[in-house]
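Structural overview for review
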Amino acid sequence: MFRTLALLAGAVLTATACTPAYGRPLVDLAVIDRDSGDWLPAYPHRGQQWIAGTPGHRYSVRLTNTSGQRVLVVLSVDGVNAVSGQTANPSQAGYVLDAWQSTEINGWRKSLDDVAQFVFTDLPDSYAARTGRPDNVGVIGVAVFEERQIYREPPRPYPYPYPYPQPPYGRDQGMAEAERRASNGAAAPAATASAAGKAREAAADSAAAQSIGTGHSAREWSPVSQTDFVRASRSPAQVIQFRYDDYRNLVSRGIVPRYRAPYRDNEPRAFPNGFVADPPPRGW
């Protein structure tokens, strides 16, 4: 039994360990800059999705349940559980979304009534760094669990009206097995080289200095309620993560394209202000 006490769009707790697993998309993840109103675009780079944060700007994490059943979403920010404040693990507290529900998580959960706002800030001022956990600063991720459903197997007809069909005859199984092994053996060196190249690229990204993290800002009202949730499995059905950093840092690392300043025409124009201005007052 993986019975969970949960917050409706709320907090959950179980004592079982979980191993991340990737499954079909149950939840969409997005990050919204609350000061500019922009949905931050994700830039693919070496197998990861990156977003550019603006230091000093508040942000929210938008979660959308794309399924017709309730799901549990465990939210991790900078490697810290956004509900409990523990070093994040999929087995911990999270948010329960109803079927097709969307919600925005605006900060670190402080109680059933309020949160401390998420804000992009300098890395030393991030919540994770201030609590002695700077190793995973720069990552926003979720682990999604399906709810356990009660299943009753339909009655089988007895006796069966037809016998089970026999598999069709084909090539000799030994020959097919030998061909399969030969094919796998030829592909192994290329796969190994590709994996080694990706590992070097990932190490280069990790070596680059992270410049910003997520701070613990002002409190705001954000009520939730508690509910029960029974996980369908120990392992999450879906895991998503975004990496993030300051725009200039992402440009210097070649992750985000550099945008040119908009072109300004300094030539004389017949209508420089777009509208006709009032004339000066008469001199009499």
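Scroll up a little and you will see the structure.
Residues numbered from 1 in each chain as written. Predicted model: local features only at pLDDT ≥ 70, side-chain atom pairs only at ≥ 80, totals over all residues. Heavy atoms only, no water.

Quick look at the packing of aromatic side chains now. Aromatic ring pairs: the centre-centre distance and the angle between the two ring planes describe each pair. All chains considered together, the criterion is met by five aromatic pairs. On the numbers, 5.2 Å between centres and 85° between planes, the contact of W108 with F118 is edge-to-face. Linking W108 in strand β10 (residues 107-109) with F118 in strand β11 (residues 114-122), this pair joins segments that are 10 residues apart in sequence. Note on accessibility: W108 and F118 belong to one class, buried. Ring geometry for F120 and Y244: centres 5.4 Å apart, planes at 55°, overall tilted. Within this pair, whereas F120 is found in strand β11, its partner Y244 is found in strand β15 (residues 238-246), the two being separated by 124 residues in sequence. Three or more aromatic residues joined by ring pairs form one cluster here, namely Y59, W108, F118, F120, Y127 and Y244. (Phe/Tyr/Trp six-rings, centres within 6.5 Å; stacked < 30°, edge-to-face > 60°. Helix = DSSP H or I, 4+ residues; strand = E, 2+ residues; numbered from the N terminus. Buried < 20%, exposed > 50% of the residue type's maximum accessible area, 1.4 Å probe, protein only.)

A few words on the nonpolar core. Ranked by internal contacts, the top residues of the largest apolar core, which has 36 residues, are Y59, V61, L63, V73, L75, F118 and V142. Of all the secondary-structure elements, those providing two or more residues to this core are β2 (27-33), β5 (58-65), β6 (71-77), β8 (95-97), β11, β12 (139-146) and β15. Looking at this core, the element that brings in the most residues is β6, giving four residues. Setting aside anything within four residues of it in sequence, one finds V73 in contact with V27, L63, G94, Y95, L97, V142, A143 and V144. (Core = buried A, V, L, I, M, F, W, Y, C linked by side-chain atoms within 4.5 Å. Contact = heavy atoms within 4.5 Å.)

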